[in-house]
Amino acid sequence: MRFDIPGHGMLNVDHIVCDYNGTLALDGHLLEGVEAGLNRLAEQVTVHVITADTHGSVRQQLTNVNCAIVVIGQKAQDREKRDFVRKLGNDAVVAIGNGRNDELMLREAALGIVLIQTEGAFTRTVMASDIICQSIVDALALFENPDRLIATLRNQ
């Protein structure tokens, strides 16, 4: 996906990296609308879900989602997520998350989106983001309705 942002330049997105719990799911259960939204995006970019899988449900919950699942360890999760974005080529990555362990990932990505949903969001992660959304469905819709994304990011 390619977006020409006035005053910012071209945003080239090849990968969308999402946290799982608090972002795509609540208490280990996929939120309504996520499956369809991710599958639509997966037709244009590679979707990655990166998680420590606290509830042990990520693989079962994402069975019908066209995405790569990356399960990370219990320690240094923030650095593991950041390093994963770097390996993909951070200039072509959109990262979406909400928690403390998502801060570095959002800061590293070409575009960081933080969500303030039921679980809330860590303050420094909010500050590391480029865009704040109220729901994952709203965040995913930015890419289906590029004028919304452009309107939020432009500075001209």
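Anything mentioned here points back to the structure above.
My aim in this report is to walk through the structure given alongside it, one point at a time. It should be emphasised that the depicted structure is a prediction, and the values quoted were computed from it without experimental measurement.

**As for the overall build of the protein chain**
At step 1: The secondary structure content of the protein chain amounts to seven helices and 10 strands.
At step 2: For a compact globule of 156 residues, the expected C-alpha radius of gyration is about 15 Å, and the protein chain comes in at 14 Å, within 12% of that figure.
At step 3: For the protein chain, the spread of C-alpha atoms along the three principal axes comes to 45 × 30 × 30 Å.
At step 4: Residues counted as buried form 51% of the 156 residues belonging to the protein chain.
At step 5: Across the protein chain, every contact between residues at least 6 apart in sequence was considered, and the portion connecting residues at least 24 apart equals 49%.

**Some details on the pattern of salt bridges**
At step 1: Inspection of the entire model under this criterion finds nine salt bridges.
At step 2: R40 is the salt-bridge partner of E144, the closest N and O atoms lying 2.9 Å from each other. Here the residue E144 occupies a position in helix 6 (residues 136-144), and R40 occupies one in helix 1 (residues 34-41), the gap between them amounting to 104 residues.
At step 3: Of the residues examined, E144 reaches a relative accessible area of 36% and is grouped as partly exposed.
At step 4: R40 sits in the partly exposed class, given a relative accessible area of 39%.
At step 5: Several salt bridges converge on common partners, so that one network encompasses R82, D83, R86 and E108.

**Brief notes about the environment of G97**
At step 1: When you line up the elements, G97 lands in strand 8 (residues 93-97).
At step 2: Residues G97 and A121, spaced 24 residues apart in sequence, show a C-alpha to C-alpha distance of 8.4 Å.
At step 3: Leave out the neighbours within four places in its chain, and G97 touches D19, T23, D102, L106, I113, V114 and L115.

**Looking at the sheet that holds strand 3 (residues 15-19)**
At step 1: Taking strand neighbours across the sheet as the criterion, the six strands line up as 7-6-3-8-9-10 in an open arrangement whose pairing is parallel. Edge positions in the sheet fall to strand 7 (68-71) and strand 10 (131-133), since each has one partner strand and no second. Strand after strand, the sheet turns through a mean of 20° between neighbouring axes, direction not considered.
At step 2: Relative to strand 8, strand 3 runs parallel, the two being bridged by four bridges.

About the cut-offs
Residues numbered from 1 in each chain as written. Predicted model: local features only at pLDDT ≥ 70, side-chain atom pairs only at ≥ 80, totals over all residues. Heavy atoms only, no water. Helix = DSSP H or I, 4+ residues; strand = E, 2+ residues; numbered from the N terminus. Rg over C-alpha atoms; globule rule 2.2 N^0.38 Å. Buried < 20%, exposed > 50% of the residue type's maximum accessible area, 1.4 Å probe, protein only. Contact = heavy atoms within 4.5 Å. Salt bridge = Lys/Arg side-chain N within 4 Å of Asp/Glu carboxyl O. Pairing = 2+ DSSP bridges. Axes fitted to C-alpha atoms, helices over the stretch in contact; angles between N-to-C directions.

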